[in-house]
Amino acid sequence: MPDDRSTTDRIGGGATISKPAVRPGLLRSLAHRLAGDDTELPVEGHLPPFDGATGWLNSESLTPDGLRGRVVAVDFWTYTCINWLRTAPYLKAWDAKYRDLGLTVIGVHTPEFGFERDVDNIVPRSHGFGIEYPIAIDSDYGVWQAFSNQFWPALYIADAEGRLRYHHFGEGEYAMAEMVIQQLLIEAGAEAVDPDLVSVEPTGFEVAADWRTLRTPETYVAFGRSAGFASPERARLDEPHTYPEPSRLGLNEWAPSGAWTLAQHAAVSNDAGASIAFRFQARDVNLVMGPPSRGTSVPFRVRLDGRAPGDAHGFDVDEHGNGNLADQRLYQLMRQAGDIRERLVEIEFLAAGAEVYCFTFG
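Described below are features of the structure shown in this document. (Residues numbered from 1 in each chain as written. Predicted model: local features only at pLDDT ≥ 70, side-chain atom pairs only at ≥ 80, totals over all residues. Heavy atoms only, no water.)

### Let's talk about the overall build of the protein chain
What counts is decided by this rule: The helix and strand labels rest on DSSP assignments: H or I over at least four residues marks a helix, E over at least two residues marks a strand, and numbering proceeds from the N terminus. To sort residues, take the accessible area from a 1.4 Å probe on protein chains only and compare it with the maximum for the residue type: under 20% means buried, over 50% means exposed, and anything in between is partly exposed. Every accessible area reported is derived by Shrake-Rupley at a probe size of 1.4 Å, with residue values counting cover from the shown protein chains alone.
Counting secondary structure elements, the protein chain contains six helices and 17 strands. A buried classification covers 54% of the 362 residues belonging to the protein chain. Carbon and sulfur atoms form 48% of the exposed surface of the protein chain, whose accessible area is close to 15,300 Å².

In structure tokens, the structure reads:
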């Protein structure tokens, strides 16, 4: 996922609500019509059907006809996407504030990685994220295709007549999106719509990236998808190989060491002691990874510049750098404070079978 806050081409914690200290001014005028102002949000088409969903969570199946009379916000997500996780506090806050005024938020879970198709993985993740609004399980990409969508995350907002009036791809533009929701609720006849915008207190993965210091992009490690591969030996597709330890890595370069198979879906460790090193610059280091199957686990150890991470450890490892792969998901390895500079992170897997998919940063 690129570090652009407005768009992302990734095709692949809780929050509380409070009032902001100041009232929006100029920005509000971009979305809210004043009396006598002829400016309206454009009509971008009609709300597509959700027939392609393979199941639903938190709701019976929903249809555009059944949603008439309500403003609808459709959010495409997948549970390992760090860009989506940082938007989640706003979606939950909008659902809590505007549901009784006529808003329906629908999360469309369209998987990037194969394990994200598994409902037994989706359910605990959605519960852990505190999502109470309806979720369309889109494991066959039916809803994705109906919307002609190409991005995670992607937000589409339809009015009470089922007309699409706004969309946004990627993180950001939260104030604009909420003002669109408010305007469409008012147009639908909702009364007492509070014009103040929600304020959220994100935790965990939901905390916004430190864009000022972030210099390392999302990086896949599966064969054929990765950038920055810097092993002294060439990568071998779907072939077990023992890779030598790199002598030096430049910024945004990574290399495996030890016994690995670089498969099309993931890099798979073949023996205890296999490791991956990555030179990065970011406050946070996250890694999509997991054990080979449910019910198994793989312990791992993280080092920062060759030492235990101490206070810089992420919430999925301890201060000594110890962690355990027990689920197929996103893991936070590092969350630094203070001066952010180039660092070297190393992840050593203490048993065979770890599947490593993608690094993300924040």
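### Observations concerning the packing of aromatic side chains
Rule in force here: Geometry of aromatic contacts follows a simple scheme: Phe, Tyr and Trp rings, the Trp one being its six-membered ring, pair when their centres are within 6.5 Å, and the pair is stacked under 30 degrees between planes, edge-to-face over 60, tilted otherwise.
Throughout the structure, instances matching the rule amount to 29 aromatic pairs. With 5.8 Å between their ring centres and 15 degrees between their planes, Phe 113 and Phe 115 make a pair best called stacked. Here Phe 113 matches Phe 115 in class, with each residue buried. Ring centres of Phe 115 and Tyr 357 lie 5.0 Å apart, and the angle between their planes is 70 degrees; on these two criteria the pair is classed as edge-to-face.

### Focus on the pairing of strand 14 (residues 322-325)
This is how the line gets drawn: Strand pairing requires that DSSP identify at least two bridges connecting the strands.
The alternating pattern of strand 14 places Gly 323 and Leu 325 on a buried face and Asn 322 and Asn 324 on a face that is not buried. Looking at chain direction, strand 13 (residues 298-304) and strand 14 are connected through four bridges and run antiparallel. In the strand pairing of strand 14, Pro 299 is matched with Asn 324.

### Focus on the sheet that holds strand 6 (residues 164-169)
Our working definition: Lines fitted to C-alpha atoms define the axes, with helix axes restricted to the stretch in contact, and inter-axis angles between N-to-C directions lie between 0 and 180 degrees.
Pairing within the open sheet is mixed, and its six strands lie in the order 1-4-3-2-5-6. The sheet is open, and its two borders are formed by strand 1 (55-57) and strand 6, each paired with just one other strand. Put simply, the sheet's adjacent strands are angled 20 degrees from each other on average, direction ignored. Relative to strand 3 (residues 103-109), strand 2 (residues 71-77) is paired through seven bridges, and the arrangement is parallel. Bridge pairing in strand 3 places Val 72 opposite Thr 104.

### Topic: helix 3 (residues 88-98)
This is how the line gets drawn: Throughout, a contact is declared for two residues whenever any of their heavy atoms are within 4.5 Å.
Buried residues dominate helix 3, accounting for eight of its eleven residues. Buried within helix 3 we find Ala 88, Pro 89, Leu 91, Lys 92, Ala 93, Trp 94, Asp 95 and Tyr 98. Where helix 3 is buried, its residues meet strand 2, helix 2 (82-85), strand 3, strand 5 (154-158) and helix 6 (174-187).

### Some remarks on the pattern of salt bridges
When charged atoms on two side chains of opposite charge get close, those side chains can pair. Filter applied, for reference: Any Lys or Arg side-chain nitrogen located within 4 Å of an Asp or Glu carboxyl oxygen qualifies as a salt bridge.
Using the criterion set out here, one finds 20 salt bridges in the structure. Linking Glu 112 and Arg 225 is a salt bridge whose minimum nitrogen-to-oxygen distance equals 3.2 Å. Pair noted here: Glu 112 is in the loop between strand 3 and helix 4 (119-128) and Arg 225 is in the loop between strand 7 (219-220) and strand 8 (241-243), with a separation of 113 residues, a long-range link. With a relative accessible area of 39%, Arg 225 lands in the partly exposed category.

### Comments concerning the nonpolar core
In plain terms, the rule: For the purposes of this section, nonpolar cores are sets of buried Ala, Val, Leu, Ile, Met, Phe, Trp, Tyr and Cys residues that join through side-chain atoms within 4.5 Å.
Ranked by size, the top nonpolar core spans 67 residues in total, and within it Phe 50, Trp 84, Trp 94 and Ile 157 carry the most contacts. Per element, the largest residue contribution to this core is seven residues, and it comes from helix 6. In this structure Trp 94 touches Arg 99, Leu 103, Leu 155, Tyr 174, Ala 177, Glu 178, Ile 181 and Val 198, once residues within four positions along its chain are discounted.

### Here we look at the environment of Pro 195
The residue Pro 195 is located in the loop between helix 6 and strand 7 in this model. Its relative accessible area of 27% is what places Pro 195 among the partly exposed residues. For the pair Pro 195 and Gln 182, spaced 13 residues apart in the sequence, the C-alpha separation amounts to 7.2 Å.

### Let's talk about the state of the cysteines
Our working rule: By definition, disulfides here are pairs of cysteine sulfur atoms that lie within 2.5 Å.
Evaluated as defined, the whole model comprises zero disulfides. Free cysteine Cys 358: the closest other cysteine sulfur is in Cys 81, separated by 9.3 Å. Judged by its relative accessible area of 0%, Cys 358 is buried.

### Notes on the side chain of Glu 116
Applied cut-off: Polar contacts, as counted here, are pairs of nitrogen or oxygen atoms within 3.5 Å of one another; within protein the pair requires one atom able to donate a hydrogen and one able to accept it, and residues that are adjacent in sequence qualify only if both atoms are side-chain atoms.
Here Glu 116 lies in the loop between strand 3 and helix 4. Residue classification places Glu 116 among the buried positions, given a relative accessible area of 0%. A distance of 2.8 Å separates a polar atom in the side chain of Glu 116 from a polar atom in the side chain of Thr 78. Of the polar contacts made by the side chain of Glu 116, one reaches the backbone nitrogen of Glu 112; its length is 3.0 Å. Sequence-distant contacts of Glu 116, that is, excluding residues within four places in its chain, are made with Thr 78, Tyr 79, Thr 80, His 109, Pro 111 and Ile 122.

### Re the pairing of strand 2
Summarising burial for strand 2: seven of the seven residues are buried, a large majority. Burial of strand 2 is two-sided: the residues Val 71, Ala 73, Asp 75 and Trp 77 facing one way and the residues Val 72, Val 74 and Phe 76 facing the other way are all buried. Judged from the five bridges that link them, strand 2 and strand 5 form a sheet pairing that is antiparallel. Residue pairing for strand 5: Ala 73 is matched across the bridge by Ile 157.

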